[in-house]
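# An overview of the molecular structure
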Amino acid sequence: MASGEMSEEQFFQFNNDWIREALLYLGDGGVFGTFIDWRGLQSVTAAAAEAGLSQLNLIVWSKTNAGMGSLYRSQHELLPLFKKGEAAYKNNISLGQKGRWRSNVWTYPGASSAGSDAQKGLKHHPTVKPVAMLEEAIKDLTDRGDIVLDPFLGSGSTLLAAERTGRICRGVEIDPLYIEVIIKRYEQLTGKAAVLEKTGETFAEVSKRRAAQP
Ligand SMILES: C[S@@+](CC[C@H](N)C(=O)[O-])C[C@H]1O[C@@H](n2cnc3c(N)ncnc32)[C@H](O)[C@@H]1O
């Protein structure tokens, strides 16, 4: 999340609130992370520490092109990673023993790179993440069938990455326009119809019914 128009105190409180809510659904040894730009890092790190998390690492998403920024144009996003509790976290890298060689710098195109995943996604959402980058992160830290929670689903990149890696995504998104984007991207990727659990209707049926309502 960007700090936007919030004061520093408000942004810290916001981080504190949502991190505590999210942690209710994370098991002992579960890994928690959030993408943030350099300005918000301190607030997120302080809120995570206050919620009792221990920091595991700091990932840098190094973009192949720079975006906007004052003094220096911004070419990275940060992903602090934390662990809940005392149990060991799931580690599918183990210094290459499992065939995965990974560092804490992830190089993927950002939204200012022509033709990139993130740039194509810009028409859907201003801060879309490359699905391939999230797929690798999910493979590092979870197994097939595990649940991945994204409480700020945005354009649904986490859902797509979870789907492609055989994980189960649970997501929350507040903006109905983005929910539509998420459902359309999901249907396009899977070829399946999204179903509204409460009524059993497909997304197409719900859209038709709601469009006909006054
Ligand atoms: C930084 S974006 C996430 C982008 C996402 N990672 C992607 O790749 O598309 C944050 C999203 O959180 C949503 N959001 C903001 N406040 C929220 C809230 N209280 N509950 C759920 N979603 C919220 C916004 O609408 C926005 O789409």
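A brief structural summary.

Conventions adopted
Residues numbered from 1 in each chain as written. Predicted model: local features only at pLDDT ≥ 70, side-chain atom pairs only at ≥ 80, totals over all residues. Helix = DSSP H or I, 4+ residues; strand = E, 2+ residues; numbered from the N terminus. Rg over C-alpha atoms; globule rule 2.2 N^0.38 Å. Buried ≥ 20, exposed ≤ 12 C-beta atoms within 10 Å, placed from the backbone. Contact = placed C-beta atoms within 7 Å. Near = placed C-beta within 6 Å. Nonpolar A, V, L, I, M, F, W, Y, C, P; charged D, E, K, R; others polar.

### Observations regarding the overall build of the protein chain
- Counting secondary structure elements, the protein chain contains seven helices and six strands.
- For 214 residues, the compact-globule estimate of 2.2 N^0.38 gives 17 Å, and the C-alpha radius of gyration of the protein chain, at 18 Å, lies within 12% of that figure.
- Dimensions along the principal axes, computed over C-alpha positions, put the protein chain at roughly 50 × 40 × 35 Å.
- By the burial criterion, 26% of the 214 residues in the protein chain qualify as buried.
- Expressed as a percentage of contacts within the protein chain between residues at least 6 apart in sequence, the contacts between residues at least 24 apart total 60%.

### A closer look at helix H5 (residues 157–164)
- Burial runs high along H5: six of the eight residues are buried.
- For H5, the full list of buried residues reads Ser157, Thr158, Leu159, Leu160, Ala161 and Ala162.
- Where H5 is buried, its residues meet helix H4 (131–141), strand S5 (147–150), strand S6 (168–171) and helix H6 (176–190).
- Positive backbone phi, at 75°, marks Gly166, one or two positions downstream of H5.

### Brief notes about H4
- Taken together, the buried positions of H4 are occupied by Val131, Met133, Leu134, Ala137, Ile138 and Lys139.
- Check the buried side of H4 and you find it contacts strand S2 (54–62), strand S4 (105–107), helix H3 (117–121), S5 and H5.

### Things to note about the site of the ligand
- Taken together, 14 residues are adjacent to the ligand, and Phe152, Gly154, Ser155, Ser157 and Ile174 come closest.
- Its residues placed into classes, the shell around the ligand shows six nonpolar, five polar and three charged.

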